[in-house]
Amino acid sequence: MIEKVGLNSAISRLFIRKFLYPVRILAINQLLYPSNLYPYSDKEPPMTLKTVATTPYDDQKPGTSGLRKKVSHFQQPNYLENFVQAIFDSIGDYQGQTLVLGGDGRYFNLQAIQIILKMAAANGFGKVLVGQNGIFSTPAASVVIRKYQAFGGIILSASHNPGGPDEDFGIKYNTGNGSPAPEKITDTIYAHSQVIEQYKIMENTADIDLSQPATFDLEGMQIQVMDAVADYAQLMADLFDFDAIKSLFSNGFSLCFDAMHAVTGPYAVEILENQLGAARGSVINGIPKTDFDGGHPDPNLVHAHELAELMFSENAPDFGAASDGDGDRNMIVGNNIFVTPSDSLAILTANAHLIPAYKDKLYGVARSMPTSQAADMVAKKMGLDCYETPTGWKFFGNLMDADKVTLCGEESFGTGSNHIREKDGLWAVLFWLNILAVRQQSVADIVDEHWLEYGRNYYSRHDYEAVDSDSANQLMSLLRDKVTTLSGSTLGSLTVSYSDDFCYTDPVDQSISEHQGIHIGFTDGSRMVFRLSGTGTSGATIRIYYESHETRPDNMHQDTQEALQELIQLSLSLSQLQELTGRSEPTVIT
Ligand code: G1P
Ligand code: ZN
C-alpha cells in the first residue's frame, strides 16, 4: 500500500481518503516524505486538519480560462472547496512544494484566498507565495510561478467579466511553467470534481493577515505574503529599454493608461509613473475596486469609454492604453487611431528587432484561429514560422516551451511572449512605448507604414451576448452541417476556398482539440469565423469574426464595418441568426 501511495496514484489517494483519513494520514506522511519536506515535522499532530464530506456539483467543467460562475454560485456550500480539492487531486505529487496564489481583487477574492490557504496547508503544500492583499495580476502570477520555480499556481479571476456580489468570480490552475493548465489537466480536474467525496481543510485557524509582506506558519506550511508588483516590474525592466522610454516621457510624450479600477492600477502607477516618469495622473481609474466601480473591465472602445473619448478628442495624448480585470489584456490607441489587437501583434512582430529582449532571437509567432492574418503576412516576409491555434492562451504554452514561438496574440486584446506563459497587458504597452521611443513617430504613422508594407486586414468581431443556449447550439450545429458542402461554392461576390469546423493538432504533443469554431475562407483572402464563447456565465455568447485583406493604398482608410459589410450580411443569412435567436443586432462590436 505504501508503495502505491508513493506513486501518488488516484487509486491510492482514494483509498487513503476513504479508509485511512484522518487517523493514519500522519503516519503515512512520515514514511513518505523526507523530514525537510514533510509539512508537519517537529510539530504536534495537526489537530485542526479536518476532512469534510461533500458531494459533487455537476457544473465544474473549466472553460476557455478556468471555472467561471456568478459569485453566489461559488458561495454555495462546498462549491469552491470541491473545485480546489479537485485541482489538488489532479496535479500530481506536490507534497512539500510551493504554490503561488493570488487574484484580481474582485469581490470574494479575499474570502477565497483564506479558504485556499487553509486547504493548501491541509493537503500538504510546503509553502504558498501569496500576493499582498491576495492580489496578483494574472501575468504577475505567471512571473512568480516561473521565478520561484513553484509547483503551480491558483489564480482567482473572471478576467474581463464584471465583479461584485451579483457578478462573476473565477478560478484557474496554472502549471509550473506559469501556463494555464492544458486540457488534459482541466479534464482531470473536472473528472475529479464529479466523483469528489471529501476535501481537506485546516479548521479553527485564524485568517492570515495579508495586508503587508510577511511570513507566517500555518500548521507547518509557510505562507509568504509578497509585494505583488516587484518581481513583475523587475522582469519588465529586464526586457525593455527603460532608459529610452524614460527619455521619451521626459521629452513631453503624453500617455493615458486606463486601469479600469482593476488589478493593473498599482502595477501601472509603479512602472509607468514611478519608474518611467510618465506624468502623475497618466494612469486613470487606478484604484482597484472589488466591483471595478460598477464597470465592465474589458479594454475595448465600448467599455473603456473614458479613454476612448479622450483618444478621439482634440486633447488626445500621444498614446492611450487600457487593461482588463486581471491585467492580461491590453488595448492600444493612438491619437485618433485605434490599433486592432490583430494589427498590434503584427506590428510588434515587425518591430521586435528594436526591443532588447527580442532583437537577437525571434522564434515563430502564433495567433488564435479567429485572430486576423496580419501577423502571418509579417511572419512570411521575415521567414518566421506562424502557428494558428484554437482560442485560449493555454494553446500557446507548448509552442513557447518548445521554442517554436516567441510572440503570441489573440484578437480578444491579448498579446504576449515567452517571457511568461500568460498574455500580458502592461508588457504590450511597454513594447509599444519602446517602439515609439526608438522610432520617434506617432502611432498613426507606424500603423500607416505597416499597412502600406503588408496590406491592411480589416477586422471586426460581433458578439451576440446572453442568447438562449439551445438556440445558440442549434445555430452552431446547423452551420457545422452546412460547412461540409460549402467549399468551391459562390456566396455573393465571394468564392469559398475552404470551410470546416476547426480542429487543432498540437505540433508538440500531438493532442487533438476538435470543434474549435466554424471557419469559412474565401479565395480573396477574406474569412469569417463562428464560435460560442467559453467564458460567459449567462446563456450563450455567439461570436462572429470578420476579416478582409486590402492591398490597394487608396483603400486603407475605409470604415471597418463598411469594408466588411458583404461578409457581415453573408454571415447572417448563412447562420439564420435572426430566425434562430430573435436577435437583429450584435450586443458588442469590436
Ligand atoms: C475569450 C476570448 C479568448 C480569450 C479568453 C480568455 O474567450 O475570446 O480569446 O483567450 O476570453 O481571456 P471566449 O469567451 O471567446 O471563449
Ligand atoms: Zn483577463
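Residues numbered from 1 in each chain as written. Chains lettered and ligands numbered in written order. Predicted model: local features only at pLDDT ≥ 70, side-chain atom pairs only at ≥ 80, totals over all residues. Heavy atoms only, no water.

Asks: For the coordination of the zinc ion (ligand 2), give the residues involved together with the corresponding values.
Replies: Each donor-metal-donor angle would ideally measure 109.5 degrees in four-coordinate tetrahedral geometry, or 90 or 180 degrees in six-coordinate octahedral geometry. Protein-derived coordination of the zinc ion (ligand 2) comes from Ser159 (OG), Asp324 (OD), Asp326 (OD) and Asp328 (OD), at a distance range of 2.0 to 2.1 Å. The sequence pattern describing where the donors of the zinc ion (ligand 2) fall on their chain is S-x164-D-x1-D-x1-D. Linking Ser159 in the loop between β5 (152-156) and β6 (168-175) with Asp326 in the loop between β12 (319-323) and β13 (330-334), this pair joins segments that are 167 residues apart in sequence. Each member of the pair Ser159 and Asp326 is classed as buried. (Donors = N, O, S within 2.8 Å, 3.2 Å for Na, K, Ca; no water. Helix = DSSP H or I, 4+ residues; strand = E, 2+ residues; numbered from the N terminus. Buried < 20%, exposed > 50% of the residue type's maximum accessible area, 1.4 Å probe, protein only.)

Asks: Break down the site of ligand 1 for me, citing the residues and quoting the values.
Replies: Around ligand 1, 16 residues are found, and the nearest of them are Ser412, Ser533, Gly534, Thr535 and Arg543. Residue Arg531 places a side-chain N or O atom 2.6 Å away from an oxygen atom belonging to ligand 1. For ligand 1, whose unbound accessible area comes to 380 Å², protein coverage reaches 98%. Taken together, the residues of the shell around ligand 1 sort by class into one nonpolar, eight polar and seven charged. (Near = heavy atom within 4 Å. Polar contact = N/O pair within 3.5 Å; in protein donor to acceptor, adjacent residues only side chain to side chain. Areas by Shrake-Rupley, 256 points an atom, 1.4 Å probe, with all protein chains shown as cover. Nonpolar A, V, L, I, M, F, W, Y, C, P; charged D, E, K, R; others polar.)

Asks: Hey, could you go over the packing of aromatic side chains for me, with residue numbers and the actual values?
Replies: What the rule picks out here adds up to 19 aromatic pairs. Ring geometry for Tyr94 versus Phe125: centroids 4.3 Å apart, planes at 10°, classification stacked. On the criterion of sequence distance, the pair formed by Tyr94 in the loop between α5 (79-88) and β3 (98-103) and Phe125 in the loop between α6 (109-122) and β4 (127-135) is long-range, its members being 31 residues apart. For Phe125, a relative accessible area of 0% gives the class buried. Measuring from ring centre to ring centre gives 5.6 Å for Tyr232 and Tyr267, while their planes differ by 90°; the resulting arrangement is edge-to-face. Separated by 35 residues along the polypeptide, Tyr232 in helix α9 (residues 230-239) and Tyr267 in helix α11 (residues 264-275) bring together distant segments of the chain. Note on accessibility: Tyr232 and Tyr267 belong to one class, buried. Each residue in the set Tyr57, Phe74, Tyr79, Phe108 and Phe169 is aromatic and connected to the rest through ring pairs, giving one cluster. (Phe/Tyr/Trp six-rings, centres within 6.5 Å; stacked < 30°, edge-to-face > 60°.)

Asks: Requested: an account of the packing of helix α14 (residues 374-382) against helix α17 (residues 443-454), with residues and values cited.
Replies: Two elements in contact, α14 and α17, have axes whose closest approach is 10 Å; the angle formed by their N-to-C orientations is 65°. Taken together, the axis directions place α14 and α17 in an arrangement best described as roughly perpendicular. Our pair here, α14 against α17, has a crossing hand that is left-handed. Across the interface between the two elements, Met377, Val378 and Lys381 of α14 pack against His450, Glu453 and Tyr454 of α17. Its residues assigned to classes, the contact of α14 with α17 shows three nonpolar, one polar and two charged. (Axes fitted to C-alpha atoms, helices over the stretch in contact; angles between N-to-C directions. Parallel < 35°, antiparallel > 145°, perpendicular 65-115°, else oblique. Left-handed = near helix turned anticlockwise from the far one by under 90°. Contact = heavy atoms within 4.5 Å.)

Asks: Give me the packing of helix α13 (residues 341-350) against α17: which residues, what numbers.
Replies: Two elements in contact, α13 and α17, have axes whose closest approach is 11 Å; the angle formed by their N-to-C orientations is 85°. The orientation of α13 with respect to α17, classified from their angle, is roughly perpendicular. Across from Asp343, Ala346, Ile347 and Ala350 in α13, the residues of α17 making contact are Ile446, Val447, His450, Trp451 and Tyr454. The residue makeup of the contact of α13 with α17, split by class, is seven nonpolar, one polar and one charged.

Asks: Please give an account of the confidence of the model for the chain that cites residues and values.
Replies: Looking at the chain, pLDDT values average 91 and 92% of them are 70 or higher. Low pLDDT (under 50) marks residues 1-41, which in the prediction has 53 contacts with non-local residues, meaning those over four places away or in another chain. (pLDDT = per-residue confidence, 0-100.)

Asks: Got a sec to walk through α14? Specific residues and values, please.
Replies: If you check which residues of α14 are buried, you get Ala374, Ala375, Val378 and Ala379. Seen along its axis, α14 keeps its buried residues to an arc of 130°; they face one direction. Exposed side of α14, more than 90 degrees from the buried face: Lys380 and Lys381 are the residues found there. Against the buried residues of α14 lie α13, β15 (364-368), β16 (386-389), α17, β19 (456-467) and β26 (540-550). Positive backbone phi, at 70°, marks Gly383, one or two positions downstream of α14. (Arc of directions from axis to C-beta.)

Asks: I'd love a proper account of the pattern of salt bridges, names of residues and values included.
Replies: A full pass over the atoms with the stated rule returns 25 salt bridges. The shortest N-O distance in the salt bridge between Asp298 and Arg329 comes to 3.0 Å. Taken as a pair, Asp298 in the loop between β11 (283-284) and α12 (305-311) and Arg329 in the loop between β12 and β13 lie far apart in primary sequence, 31 residues in all. The partner of Arg367 in a salt bridge is Glu388, and the shortest N-O contact between them spans 3.0 Å. Residue Arg367 is found in strand β15, and its partner Glu388 is found in strand β16; the two are separated by 21 residues along the sequence. (Salt bridge = Lys/Arg side-chain N within 4 Å of Asp/Glu carboxyl O.)

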